[in-house]
Each structure stands twice: as C-alpha cells, then as structure tokens.
Amino acid sequence: MARALLLENLHPQASTILAGSGVTPVEHGGAMDEDELVEALQGVAVLGIRSKTQVTERVLAQAPGLQAVGAFCIGTNQIDLDAAAARGVAVFNAPFSNTRSVVELAIAEIIALTRRLTVKDSTLHAGVWDKSAEGSHEVRGRTLGIVGYGNIGSQLSVVAEALGMSVVYYDTAEKLALGNARRAPDLESLLRHSDVVTLHVDGRSGNAGFFGREQLAQMREGAVFLNLSRGFVLDHDALADAVTSGHLSGAAIDVFPEEPKKRGDAFASPLRGLANVILTPHIGGSTEEAQEDIGRFVATKLRDYLRTGSTSLSVNLPAVALDRVPGTARLAHLHRNVPGVLATVNRVLAEHGVNVDGQLLTTRGAFGYAVTDVADGVTPEVVEALRAMPETVRLLVV
C-alpha cells in the first residue's frame, strides 16, 4: 500500500479520504525542516502540508518515491514547483476553500480597529472604565483600499461594500471590478485615499518586501493597515514605527516573516505590545469549516491522481481529466514537451500489440502529459519501453 505523510495538523478528512482509497496515512503534528523531511519521505508516495513546511529541490531530489504533494492551503510558494514538475511530482492546493474565512477575519479586524475595541477591552480588563467616543468611527462611509484583487480581495470587496464602505483596489493584473468598487490608477493613489488598507497579494518572490516605509508614509494620517497575505511582503519594523508615531491608528497582522513551527512555540515581533494592534497566529483560513473543506478538496485531488492520473487543477503539471474507459488499464505519461512524443508512445503500444481505447494529451510549458487507456492489459515490457523513452519524466500505471 502507498503511504502518505501528513504534516501540520491537517483536518481528519484528509486521512479518511486517503485511507479509503487504499493509502496508509501517517500523521505528524508540526512542520518539518529540510533534514527531517528528507528522512521522513523515504517510502512515501504522497505528502500533505500547510504553509510552514518547505518542499525544496533537495527534498524532492532525495524522495524518488514521491508522486504527489498536497498543499492544504491557498499558497504554494513553500514548494519548488519547477523541481517537482521536473521529477513528475504533481502538486495540488485549495485555491478557494478558505477565502470566506479570511474575508470574515479581515472584516472583523477592520471593525475592531476602527472602533478601537482592543484598546477598550484591555483598559477594562485592567479595571479602568474609559467610556469615550474619541478615536472611534463607523466603517460605513469610509474607504477601503484592497491591494491584490484576487479570490480573497474581490470577495472582501463585496462584503465591505455591503457594510457601506467605499472600495478601491489595486492589482498588477487586469481584474473585473465587482459591485461599485473602483480600480486605483496606481498603488500610491490607493494609499493616499484609503482609510483602511489591506494586503491580499500572492507569495511570488517578486512581492518580497514590496510594502515598506515609503508605502506606509504614503498612507493617510490615522489610517488602519492589515496584512493577511504573506509575512515577507511587509517591513514589520517600519509598521511598528508608523503605529508608535501615531501616523497609523492601528494595524492587524496575521502573517509574519518567520513563524514558529508548531503550536506553543515562542513568538517574537516588534509589533507585540503596541496599542490597537491585533496579532493573530496565521489563522486567516483557520476555521473548522474552511479546514474541513480544504481537507476534503485537496485529499480528493490526491486520491484522484493516484487512482486515475487526473491532474485537474494541478498547479505545476498539464491538466488532464479523462473519463476512464471501463475495464481498461491506464498509462499516465509525463514527458518533456518536444515534438513526436505521442507518436512514439503509440508506436511502442502498437509494436507490443496493445490497442488504444482512449487517449488525451495536454501540454503546459516544458511538459506534456498523455493519458492512455488500453484494454489488453499492460505488460512489463510495455512499461519498460515507455519508461526508457528519453523524453519520459514519469510513467504511472493506474
């Protein structure tokens, strides 16, 4: 039986679905560093992680039996996708399952910061009655600036507008505005006109450190700042200075450049202890509903890949989802995308007297993926001949 290594406290749905498909799940509560992961992946076909475990080229090179990686989260920047594709390792994620959870946390924090609820709460817990409207505002009528108008940013736009906020957004790609949201001509314009600025950018390396002192200085005096995207996009020292100086009235941060590996570990940040600053431990998508949906979605993708070779919604391989012809064997052939590969595959099958009942080829960049159903069975000689093709990256027989 194939083995699956599941890290970082994935929802039990993941184990249940994989076990039901004949895969033996092995669970580990925390993240693993590179050396730990290399050792743990020996004899493992499927790896399940969240955001902390780094799947590097070295890890992939030393895990020849690994067939698929499931990122039980939105981002995949913790995985070397090119190295995975080059070794025929399919990667799947959950691009939509936790968007609502992140949006609801952002809305809650916007209201809490604008009403200065954290300050009132801590003061009252300290035994001081401080009833005052000073510095407290409604969100209705205020302007929300969304940096990154993808799945989360656009949904946040709709909910914020329903609360009476005016929404502007900025994205480097062309995005369709939802509701009455307006596209800002540039980032500086958004910053100068927004009462609340929230980051929802992706984890590409080019976004590292893009929001620093210059951008914080361009924000409106007394504005509120949120980052629920990636920790490395923000200069945290600069944000601490902006809050301490009074330039910003508050901030909410859910992601950090360096995060502890497991629950209960020590946490350090220049933002600790600052008034009207909400710090949460990367819980934007951590609701029971979202984690159950993610566990089900990603585990199902992994199961389908092992069962049928389906790469639908894979983030690094050509997408193929071919209906299985009943009573057939399936050859899933990942190869370098050069001319003539499909012809060679079919020639090999013909030379061995194997008839094709169904076939589909899709390419993506440097790779092609051909799925072939054959009724006459697959002999070891056919498998050996296909794997011996110089273009072959990986052949699965399912």
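These notes cover the structure that comes with them. (Residues numbered from 1 in each chain as written. Predicted model: local features only at pLDDT ≥ 70, side-chain atom pairs only at ≥ 80, totals over all residues. Heavy atoms only, no water.)

With respect to empty space enclosed by the protein
For the structure shown, the criterion picks out 1 cavity of 30 Å³ or more. Space inside the largest cavity adds up to approximately 30 Å³. Lining of the largest cavity is provided by Gly88, Tyr305, Leu317, Ala332, Leu334, Tyr369, Arg394 and Leu396. Within the residue set of the lining of the largest cavity, elements represented by two or more residues are β13 (329-336) and β16 (392-397). The residue makeup of the lining of the largest cavity, split by class, is 6 nonpolar, 1 polar and 1 charged. (1 Å grid on protein atoms, 1.4 Å probe; cavity = no way out; pocket = protein on both sides within 12 Å on 5 of 7 lines; lining within 4 Å. Points joined across faces, edges and corners; volume = space filled by probe spheres on them. Helix = DSSP H or I, 4+ residues; strand = E, 2+ residues; numbered from the N terminus. Nonpolar A, V, L, I, M, F, W, Y, C, P; charged D, E, K, R; others polar.)

Digging into the pairing of strand β10 (residues 223-227)
Across the 5 residues of β10, 5 count as buried, placing the element largely inside the fold. Along β10, one buried face is formed by Ala223, Phe225 and Asn227 and the opposite face, lined by Val224 and Leu226, is buried too. For strand β9 (residues 196-199) and β10, the ladder comprises 4 bridges, and the chain directions are parallel. Among the inter-strand pairings, Val196 is bridged to a residue of β10, identified as Val224. Taken together, β9, helix α9 (residues 213-218) and β10 constitute a β-α-β crossover, and its handedness is right-handed. For β10 and strand β11 (residues 248-253), the ladder comprises 5 bridges, and the chain directions are parallel. Bridge assignment links Val224 to a residue of β11, and that residue is Gly250. This β-α-β element, β10 to helix α10 (residues 236-244) to β11, shows right-handed connectivity. (Buried < 20%, exposed > 50% of the residue type's maximum accessible area, 1.4 Å probe, protein only. Pairing = 2+ DSSP bridges. Right-handed = clockwise from strand over helix to strand, strands pointing away.)

Some thoughts on the pairing of β13
Buried residues dominate β13, accounting for 7 of its 8 residues. Here 8 bridges tie β13 to strand β15 (residues 367-374), and the two strands are oriented antiparallel to one another. Within the sheet, the bridge partner assigned to Leu331 lies in β15 and is Thr372. Where β13 lies against β16, 5 bridges are found, and the strand directions are antiparallel. Across the sheet, residue Leu331 finds its bridge partner in β16, namely Val397.

Looking at the side chain of Asn93
Locating Asn93 in the fold gives a position in the loop between β5 (90-92) and α5 (99-114). Polar side-chain contacts of Asn93 include one of 2.7 Å to the backbone oxygen of Ile74. Those residues in contact with Asn93 that sit more than four places away from it in its chain are Ala71, Cys73, Ile74, Thr76, Phe297, Val298 and Val315. (Polar contact = N/O pair within 3.5 Å; in protein donor to acceptor, adjacent residues only side chain to side chain. Contact = heavy atoms within 4.5 Å.)

Some thoughts on the sheet that holds strand β3 (residues 46-49)
Taken together, 5 strands build an open sheet; the order of strands is β2-β1-β3-β4-β5 and the sheet is parallel. Since the sheet does not close on itself, it has two edges, and those belong to β2 (24-28) and β5, each with one partner. Sheet twist, expressed as the average angle between the axes of neighbouring strands with direction ignored, equals 15°. Strand direction decides the pairing type here: strand β1 (residues 3-7) and β3, joined by 3 bridges, are parallel. Pairing of Leu5 across the sheet is with Leu47, part of β3. (Axes fitted to C-alpha atoms, helices over the stretch in contact; angles between N-to-C directions.)

A word on a nonpolar patch on the surface
Residues Val158, Leu176 and Leu178 make up a contiguous nonpolar surface patch of about 280 Å² in total accessible area. In this fold, Val158 is placed in helix α7 (residues 151-162). (Patch = residues over 30% accessible without salt bridge, like charges linked within 9 Å, V, L, I, M, F, W, Y side chains within 5 Å. Areas by Shrake-Rupley, 256 points an atom, 1.4 Å probe, with all protein chains shown as cover. Salt bridge = Lys/Arg side-chain N within 4 Å of Asp/Glu carboxyl O.)

Some points on the sheet that holds strand β14 (residues 356-364)
Reading across the sheet, the 4 strands line up as β14-β15-β13-β16 and stay open at both edges, with antiparallel pairing between neighbours. If you trace the sheet from one side to the other, it starts and ends with β14 and β16, each paired once. Each strand of the sheet is rotated relative to its neighbour by a mean of 10°, with strand direction disregarded.

A look at the nonpolar core
In this structure, Leu18, Phe72, Leu302, Tyr305 and Tyr369 are the most contacted members of the largest nonpolar core, which totals 29 residues. Counting residues per element, the ones that place at least two in this core are β1, α1 (12-20), β5, α11 (288-308), β13 and β15. Setting aside anything within four residues of it in sequence, one finds Leu302 in contact with Leu18, Val46, Ala68, Val69, Gly70, Phe72 and Phe92. With 27 residues, the next largest nonpolar core counts Val201, Phe225, Ala238 and Leu248 among its residues. (Core = buried A, V, L, I, M, F, W, Y, C linked by side-chain atoms within 4.5 Å.)

Notes on the packing of aromatic side chains
Using the criterion set out here, one finds 5 aromatic pairs in the structure. Pairing Tyr149 with Tyr169 gives two aromatic rings, centres 3.8 Å apart and planes at 15°, and the pair type is stacked. Taken as a pair, Tyr149 in the loop between β6 (143-147) and α7 and Tyr169 in strand β7 (residues 166-170) lie far apart in primary sequence, 20 residues in all. The class of Tyr149 is buried, set by a relative accessible area of 2%. The exposure class assigned to Tyr169 is buried, which follows from its relative accessible area of 2%. Residues Phe256 and Phe267 carry aromatic rings whose centres are separated by 4.8 Å and whose planes lie at 70° to one another, so their mutual orientation is edge-to-face. Of the two residues, Phe256 sits in the loop between β11 and β12 (277-279) while Phe267 sits in the loop between β11 and β12, which places them 11 residues apart along the sequence. (Phe/Tyr/Trp six-rings, centres within 6.5 Å; stacked < 30°, edge-to-face > 60°.)

A word on the pattern of salt bridges
A full pass over the atoms with the stated rule returns 18 salt bridges. Between Asp130 and Lys120 there is a salt bridge, with the nearest N and O atoms lying 3.5 Å from each other. One end of the pair, Asp130, is in the loop between α6 (117-125) and β6; the other, Lys120, is in helix α6, and 10 residues separate them in sequence. For Asp130, a relative accessible area of 40% translates into the label partly exposed.

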